[in-house]
Amino acid sequence: MVRARHTYIRARLAGLYSRLPIGVGLLLIGWFVLGVCSSNITPSSVSVRGYYRRDGTYVSPYHRRPPGSVAHDEPYQFGALCGLGLAIAGLISTGSFIHALWKKSDFDLLPPIGYVSTLPPPPVKPRVPDAFAKSRKLWRCRRCPRLISVGDRYWYFSNPAPYAGRERICPSCVSAVATEAKRYPQEAIAYSHLVAEEQRRVARIHAEQYRVVYGYDAPAEELGVFIEGRFSRRGRHGRS
Ligand SMILES: [Zn+2]
């Protein structure tokens, strides 16, 4: 009884009252149109069996165009094509219902929950310049408006840095970046906690949706697999 109800709910979610009737309807209409139209198309050739003429000579079998035939049977040819198109559309719609019912998990059949992530952008690991040089020209720091005068020390990234393309950075910016870099591991850990928290929140919403639609609690393992897949599939900032 529970099983039948479960299957019925799954079928409803898969499109028992939408995709399936539309698909079957299109298929039947298409099939009918195709049948009517193609039966009205004159055959492009008829085969003639071999026979003996009155004088005894044998005429071997051959094909000929039927009497009064035309190259194209408008509008039947067009109609048959339309019928075929409708039938194919119907097959696709019906097929997608069957596919959803057989292959999709209970969770994947449920409609999207419309959850929008509240996570801030993830922290970016700052890159600290690893080489320094003495300025031979007047430069401007790439991170702040300070000028780097001739003879001043500036910092740059040794890799990849042809001399001309160097990002020259003033000493005070370098110490600021170094401080940020020291803070980064902690920020990364804090962020991973935020992600885990959001994952739990999303899992709760999906579990609640499952309970409301199917009428009982989702198996914990199934929920775990679904949440894991969802978070790795759409990325952490995705909307679904
Ligand atoms: Zn600077």
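Residues numbered from 1 in each chain as written. Predicted model: local features only at pLDDT ≥ 70, side-chain atom pairs only at ≥ 80, totals over all residues.

### Some details on helix 3 (residues 76-103)
Phase 1 of the analysis: Between its terminal C-alpha atoms helix 3 stretches 39 Å, which fits the 40 Å expected from 28 residues at 1.5 Å a residue.
Phase 2 of the analysis: Taken together, the buried positions of helix 3 are occupied by Ala80, Gly83, Leu86, Ala87, Gly90, Ser93, Thr94 and Phe97.
Phase 3 of the analysis: Where helix 3 is buried, its residues meet helix 1 (2-14) and helix 2 (19-40). (Helix = DSSP H or I, 4+ residues; strand = E, 2+ residues; numbered from the N terminus. Expected span 1.5 Å × (residues − 1). Buried ≥ 20, exposed ≤ 12 C-beta atoms within 10 Å, placed from the backbone. Contact = placed C-beta atoms within 7 Å.)

### Focus on the domain arrangement of the protein
Phase 1 of the analysis: Considered domain by domain, the protein is made up of domain 1 (2-43 + 71-104) and domain 2 (131-234).
Phase 2 of the analysis: Centre-to-centre, using C-alpha coordinates, domain 1 lies 50 Å away from domain 2. (Domains from an automatic or database assignment.)

### Examining the packing of helix 1 against helix 3
Phase 1 of the analysis: At a minimum axis separation of 9 Å, helix 1 and helix 3 run at an interaxial angle of 140 degrees. Considered as vectors, helix 1 and helix 3 are oriented oblique to each other. Crossing handedness for the pair helix 1 and helix 3: right-handed. Facing helix 1, whose interface residues are Arg10, Ala11 and Ala14, helix 3 presents Phe97, Ala100 and Leu101.
Phase 2 of the analysis: Per-class residue counts for the contact of helix 1 with helix 3 are five nonpolar, no polar and one charged. (Axes fitted to C-alpha atoms, helices over the stretch in contact; angles between N-to-C directions. Parallel < 35°, antiparallel > 145°, perpendicular 65-115°, else oblique. Left-handed = near helix turned anticlockwise from the far one by under 90°. Nonpolar A, V, L, I, M, F, W, Y, C, P; charged D, E, K, R; others polar.)

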